[in-house]
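# Analysis of the macromolecular model
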Amino acid sequence: MTFSVHGLAVSRGIAIGRAVLVASSRIDVVHYFIDASKVREEITRVRVSRDAVMEEITRLQHDLPKDAPHEIAALLDVQLMLLQDEQLISGVKHWIAGRHYNAEWALTTQYDTIARQFDEMEDEYLRERKADLAQVVERILRHMKGVASPVQAAVRAGSSRKQSQDLLLDDTMDVPLVLVAHDISPADMLQFKRSLFAGFATDVGGKTSHTAIVARSMDIPAVVGARSASQLIKQDDWVIIDGDAGVLIVDPSPIILAEYGFKQRQGELERERLNRLKHTLAVTLDGQPIELLANIEMPDDTLGAVKVGAVGVGLFRSEFLFMGRSGKLPDENEQYLAYRKAVEGMQGLPVTIRTVDIGSDKPLDKLAGKAQDRHLNPALGLRAIRWCLADPPMFLTQLRAILRAAAHGHVNLLVPMLAHGSEIRQTLALIGQARAQLDKKGLAYGPVRLGAMIEIPAAALSVNLFLRYFDFLSIGTNDLIQYTLAIDRADELVAHLYDPCHPAVLRLIADTIAECQRQGKAVSVCGEMAGDVSMTRLLLGLGLRSFSMHPSQILAVKQQVLRSDTGKLALWAAEVLASEDPAALLQA
Ligand code: PEP
Ligand code: MG
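Cut-off values and rules
- Residues numbered from 1 in each chain as written.
- Chains lettered and ligands numbered in written order.
- Predicted model: local features only at pLDDT ≥ 70, side-chain atom pairs only at ≥ 80, totals over all residues.
- Heavy atoms only, no water.
- Phe/Tyr/Trp six-rings, centres within 6.5 Å; stacked < 30°, edge-to-face > 60°.
- Lys NZ or Arg CZ within 6 Å of the ring centre and 35° of its normal.
- Donors = N, O, S within 2.8 Å, 3.2 Å for Na, K, Ca; no water.
- Helix = DSSP H or I, 4+ residues; strand = E, 2+ residues; numbered from the N terminus.
- Buried < 20%, exposed > 50% of the residue type's maximum accessible area, 1.4 Å probe, protein only.
- Near = heavy atom within 4 Å.
- Polar contact = N/O pair within 3.5 Å; in protein donor to acceptor, adjacent residues only side chain to side chain.
- Areas by Shrake-Rupley, 256 points an atom, 1.4 Å probe, with all protein chains shown as cover.
- Nonpolar A, V, L, I, M, F, W, Y, C, P; charged D, E, K, R; others polar.
- Domains from an automatic or database assignment.
- Contact = heavy atoms within 4.5 Å.
- Buried area = accessible area lost by both parts, 1.4 Å probe.
- Axes fitted to C-alpha atoms, helices over the stretch in contact; angles between N-to-C directions.
- Parallel < 35°, antiparallel > 145°, perpendicular 65-115°, else oblique.
- Left-handed = near helix turned anticlockwise from the far one by under 90°.
- Pairing = 2+ DSSP bridges.
- Expected span 1.5 Å × (residues − 1).
- Salt bridge = Lys/Arg side-chain N within 4 Å of Asp/Glu carboxyl O.

### Some thoughts on the packing of aromatic side chains
For the structure on display, the rule yields eight aromatic pairs. Seen in terms of ring centroids, Phe466 and Phe470 are 6.3 Å apart; in terms of plane orientation they differ by 25°. Their pairing is stacked. An aromatic cluster is defined as three or more aromatic residues linked by ring pairs; in this entry it consists of Phe33, Trp95, Tyr101, Trp105, Phe197 and Phe200. Positioned above the aromatic ring of Tyr336, the side-chain terminus of Arg404 is 4.1 Å from the ring centre. Lying across the ring of Trp572, Arg537 places its NZ or CZ 5.3 Å from the centre.

### Details of the coordination of the magnesium ion (ligand 2)
Ligation of the magnesium ion (ligand 2) by protein atoms is provided by Glu455 (OE) and Asp479 (OD), these donors lying 2.0 to 2.2 Å from the ion. Here Glu455, found in the loop between β13 (448–454) and α18 (457–460), pairs with Asp479, found in helix α20 (residues 477–485); they are 24 residues apart in sequence, far enough to count as distant. Of the residues examined, Glu455 reaches a relative accessible area of 2% and is grouped as buried.

### What to know about the site of ligand 1
Taken together, 17 residues form the shell around ligand 1, and within it Arg317, Arg354, Gly476, Asn478 and Arg489 come nearest. Residue Arg317 places a side-chain N or O atom 2.7 Å away from an oxygen atom belonging to ligand 1. Measuring from an oxygen atom of ligand 1, one finds a side-chain N or O atom of Arg489 at 2.7 Å. Protein coverage of the free-state accessible area of ligand 1, which is 280 Å², stands at 100%. Among the secondary structure elements, those contributing two or more residues to the shell around ligand 1 are α9 (210–217), β10 (313–317) and α20. In terms of residue count, α20 provides more of the shell around ligand 1 than any other element does, three residues in total. The class makeup of the residues in the shell around ligand 1 is four nonpolar, five polar and eight charged.

### Some words on the domain arrangement of the chain
Taken as a whole, the chain is organised into domain 1 (3–24 + 150–253), domain 2 (37–145) and domain 3 (291–587). Listed as interface residues are 22 residues of domain 1 and, on the opposing side, 22 residues of domain 3. Surface buried jointly by domain 1 and domain 3 totals about 1900 Å² across both partners, of which 59% is contributed by carbon and sulfur atoms. Where domain 1 meets domain 3, there are eleven residue pairs in polar contact (both at pLDDT 80 or more). Mapped onto the side of domain 1 that touches domain 3, the elements with two or more residues apiece are α8 (186–193) and α9.

### Structural notes on the packing of helix α22 (residues 533–541) against helix α23 (residues 551–562)
For the pair α22 and α23, interaxial distance at closest approach is 9 Å and the crossing angle is 45°. Considered as vectors, α22 and α23 are oriented oblique to each other. The two elements α22 and α23 cross, and the hand of that crossing is right-handed. Across the interface between the two elements, Val533, Thr536, Arg537 and Leu540 from α22 touch Ala556, Val557, Gln560 and Val561 from α23. Of the residues that constitute the contact of α22 with α23, the class distribution is five nonpolar, two polar and one charged.

### Overview of the sheet that holds strand β1 (residues 3–6)
Across the sheet, which stays open at both edges, the eight strands sit in the order β1-β8-β7-β3-β4-β5-β6-β2 with mixed pairing between neighbours. With partners counted over all chains shown, the strands left at the sheet margins are β1 and β2 (8–11), one partner each. Averaged over all neighbouring strand pairs, the angle between strand axes comes to 30°, with direction disregarded. Each of β3 (14–22) and β4 (177–181) is contacted by helix α4 (residues 103–119), which is oriented at about 85° to β3, the strand it contacts most.

### Regarding the environment of Arg518
Mapped onto the secondary structure, Arg518 falls in helix α21 (residues 503–518). Sequence-wise, Arg518 and His70 are 448 residues apart; in three dimensions their C-alpha atoms are separated by 80 Å.

### Looking at helix α5 (residues 124–144)
An α-helical turn contains 3.6 residues, so any two residues separated by three or four positions project in the same direction. The first and last C-alpha atoms of α5 sit 31 Å apart over 21 residues, in line with the 30 Å expected at 1.5 Å per residue. All buried positions along α5 are accounted for by Arg129, Asp132, Leu133, Ala134, Val136, Val137, Glu138, Ile140, Leu141 and Met144.

### Here's the deal with the pattern of salt bridges
Using the criterion set out here, one finds 27 salt bridges in the structure. We note a salt bridge from Glu42 to Arg45, for which the minimum N-O separation is 2.9 Å. Placement of both Glu42 and Arg45 in helix α1 (residues 39–63) is noted, with a separation of three residues, approximately one turn of the helix. Residue Glu42 shares its accessibility class with Arg45, and that shared class is buried. Glu56 serves as the salt-bridge partner of Arg139, at 3.3 Å between the closest nitrogen and oxygen. With Arg139 in helix α5 and Glu56 in helix α1, this pair connects stretches of sequence that are 83 residues apart. With relative accessibility at 28%, the residue Glu56 sits in the partly exposed group. When salt bridges that share partners are traced, they join Glu319, Arg354, Asp357, Lys362, Arg383, Asp479 and Arg489 into one network.

### Examining the side chain of Asp301
Along the chain, Asp301 falls in the loop between β9 (291–296) and α12 (302–307). Looking at Asp301, the relative accessible area reads 17%, which means it is buried. With near-sequence residues (within four places) excluded, Asp301 lies in contact with Lys193 and Ile296.

See the structure below:
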């Protein structure tokens, strides 16, 4: 029966496909597609770990003291029985051989499938066996952790989209797949970036949560904050993801399918039309050149940036190199090679590398994230530059890598989350120290322009201080809105209050741009606002001439730029700024 689930529209377009559910596990589980040639190897990995756990439990049973309570022996019996359960074994094989899931993903998916059956059982005793199943599955996962999969490295190294497509179109089904999960960590999103899911839906998250940002960067339809979607949707259900309206339609009737199929084709036509603007210069009607830059997460993303005609990278979120590695950070050489690859990928155009912004909803990995969660309020805690200044050797490693990459092209170094003069001075001192270390080692490095992000209201209110030390500023509207309005950007429950048009937010943005203009310093916006076409005219009117966004948004923003007259927009923007309800004027 058809039903719909409502959430937040975070990435435009329509996706129609069968649901792939990503089970949530208490253990940090990686999700990726394996190569067809590795199926046997992956099944063996699960079998070896399952056998080891069975041995462990048998040993426990054997060593059980004579006077141990009867319940313990019974529990171990049940666990042994579950480990040999045909449904568990054949299910795991099915996900690996049929869908090419990696072993951990297959195991947690099958766990989820059986757990749902347990939930539906009348018998209370049987229902409670779900907890035993969870325990044995966790035991297997723990055993597998540390037994590194050889294919994971291959996936990480970036199998091509074509290859991933081949993996998805397996022999059992050749229809598009849509991903449904309670939550997807930014690190997992990166893994999925190399596969070909047609769309995403998650129970939690806000419009500028990092999962939503990565979905947008992949330019595929996504809905977040859909509350109980992952409970209501079953593995293999047909799902329409309407990324424009923020709705999921499950098990659609043929009429609904036809209607959305039509909408999907309209969207494709619109994209084709925009593609024609690729080589057109971004100049307004009154002759103002506008800089349209790309936001990237990985060096390979430069390919997409160049393809749509980005004139540089305005934000390389370097933290994505650090995430999902079980806390093992990339060393100087690995980072240097990654930054250099991005610099070379941009073929002489500038690349702005932001120093690592770990913390809040971007944990190093799931377990580290849990440790961070123990702090009362991670968004206000040891995040970004605060984390870096708390660990100078780690920060110096990154700074040296960036400075070395600057020997290969035009690099800007951008620092996130600064608020205090003392933080600015410490950061600059460390940059000086990194240069001195490179001199001592005799390693080549290049000049960098230094920039600061304006994403804390305190920073926006002390732009003068920042301009004394930095060559340019970049306004991070995602966090600036979060911190100005005290709204957690990742919390779907308060998403309706996350308002880019709040007069206070607009005032901070406008004043930052105006002061930079007055002092002749470069300023850009690199938050999601820069890629939102409904904001382009207002930002132009406020004097902004540099926008950084996902490559997938550049052509649509360029279309707005080509239709704009900044002289007229400046007058209108002043009215919007003075208004009690800017959003209403914007819509009008
Ligand atoms: C921002 O806060 O606007 C920004 C660009 O940084 P991030 O989204 O990575 O926090
Ligand atoms: Mg930010």
